[in-house]
Amino acid sequence: MDLSNILIREGNIEEVVALSLSIPEFVAPHPAEEYRKRLEGVPNLVLVVESAGKVVGFKVGYAMDEQLFYSWMGAVLPEFRQLGVAKALAIWQEEWARSQGFTRIQFKTRNRLKAMLHFALGNGFDIIGVEPRETLGEYRILLQKML
C-alpha cells in the first residue's frame, strides 16, 4: 500500500466518530456528545490521517492539567496498520503537546489490546498503573511518557 499520499491534519469530532464505527476493537464507540464533553473548555487536539482523501486514522487528546496531556482515543483502520500511520500520529501529537508546554503524555489501554501495549512500550512509554476490571483482558493499563 502506497502511503506517499498520507496527510495528517487537525480534524473534527464528526470525522472521528464516523471512523470509530469502522474500528473492530470499538464495541460501543463514544458518541459525539462524549467527545464534546471531554474537550470543552480545555486545550485539546483532534488529529486525523487521510489517505487518498479518505480518513483512515485519528488521535484525540486533551489537557488534564498544565503539564499533563491525555491521549484519550485513537485508532487506525485495520488495512492501514503496521504501515507507520499510528507512529506518525503519535509523533505529531507529541510534538504539538511539547510545543504547548506539556511535559508528560498519558493514555490508557486494555490489557487485551496487546498490539497497543507493544506500540506504547516501543515508543518510550512506561506502565505507571493498572486498574482492575471484571476480567483480566479488560484491565486498564495506564502508560506515561515524558516529553
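A brief look at the structure comes next.

Cut-offs used in this document
Residues numbered from 1 in each chain as written. Predicted model: local features only at pLDDT ≥ 70, side-chain atom pairs only at ≥ 80, totals over all residues. Heavy atoms only, no water. Helix = DSSP H or I, 4+ residues; strand = E, 2+ residues; numbered from the N terminus. Buried < 20%, exposed > 50% of the residue type's maximum accessible area, 1.4 Å probe, protein only. 1 Å grid on protein atoms, 1.4 Å probe; cavity = no way out; pocket = protein on both sides within 12 Å on 5 of 7 lines; lining within 4 Å. Points joined across faces, edges and corners; volume = space filled by probe spheres on them. Patch = residues over 30% accessible without salt bridge, like charges linked within 9 Å, V, L, I, M, F, W, Y side chains within 5 Å. Areas by Shrake-Rupley, 256 points an atom, 1.4 Å probe, with all protein chains shown as cover. Salt bridge = Lys/Arg side-chain N within 4 Å of Asp/Glu carboxyl O. Axes fitted to C-alpha atoms, helices over the stretch in contact; angles between N-to-C directions. Parallel < 35°, antiparallel > 145°, perpendicular 65-115°, else oblique. Left-handed = near helix turned anticlockwise from the far one by under 90°. Contact = heavy atoms within 4.5 Å. Nonpolar A, V, L, I, M, F, W, Y, C, P; charged D, E, K, R; others polar.

What follows is about unusual backbone geometry. Even without being a glycine, A52 presents a positive backbone phi close to 50°. With respect to the secondary-structure elements, A52 resides in the loop between strand 2 (44–51) and strand 3 (54–63). Here A52 falls in the exposed class, since its relative accessible area comes to 65%. Its identity as a non-glycine residue notwithstanding, Q82 has a phi of 65°, on the positive side. If you trace the backbone, Q82 turns up in the loop between strand 4 (68–76) and helix 3 (85–99).

Here we take up empty space enclosed by the protein. Evaluation of the coordinates by the stated rule reveals one cavity of 30 Å³ or more. In this structure, the largest cavity spans a volume of roughly 60 Å³. What lines the largest cavity is K59, S71, A90, Q93, E94, I105, F107, M116, F119 and F125. When contributions to the lining of the largest cavity are tallied by element, the ones reaching two or more residues are helix 3, strand 5 (104–110) and helix 4 (114–122). Broken down by element, the residue count for the lining of the largest cavity peaks at three residues, all from helix 3.

A contiguous nonpolar patch, built from L121, I127 and V130 and spanning about 270 Å² of accessible area, is present on the exposed surface. Within the secondary structure, I127 is located in strand 6 (residues 126–131).

The next point concerns the pattern of salt bridges. This model, assessed by the stated rule, comprises 14 salt bridges. Notably, a salt bridge pairs E138 with R110, separated by 2.4 Å at the nearest N-O pair. Residue E138 is located in the loop between strand 6 and strand 7 (140–146), and its partner R110 is located in strand 5; the two are separated by 28 residues in the primary sequence. What makes R110 partly exposed here is its relative accessible area of 29%. Through salt bridges with shared partners, a single network forms among R110, R112, E138 and R140.

As a packed pair, helix 1 (residues 13–20) and helix 2 (residues 32–39) sit with axes 9 Å apart at the nearest point and diverge in direction by 135°. By the angle between their directions, the pair helix 1 and helix 2 is classed as oblique. Here helix 1 and helix 2 pass one another in a crossing that is right-handed. Facing helix 1, whose interface residues are I13, E14, V16, V17 and S20, helix 2 presents A32, Y35, R36 and L39. A per-class count over the contact of helix 1 with helix 2 returns six nonpolar, one polar and two charged.

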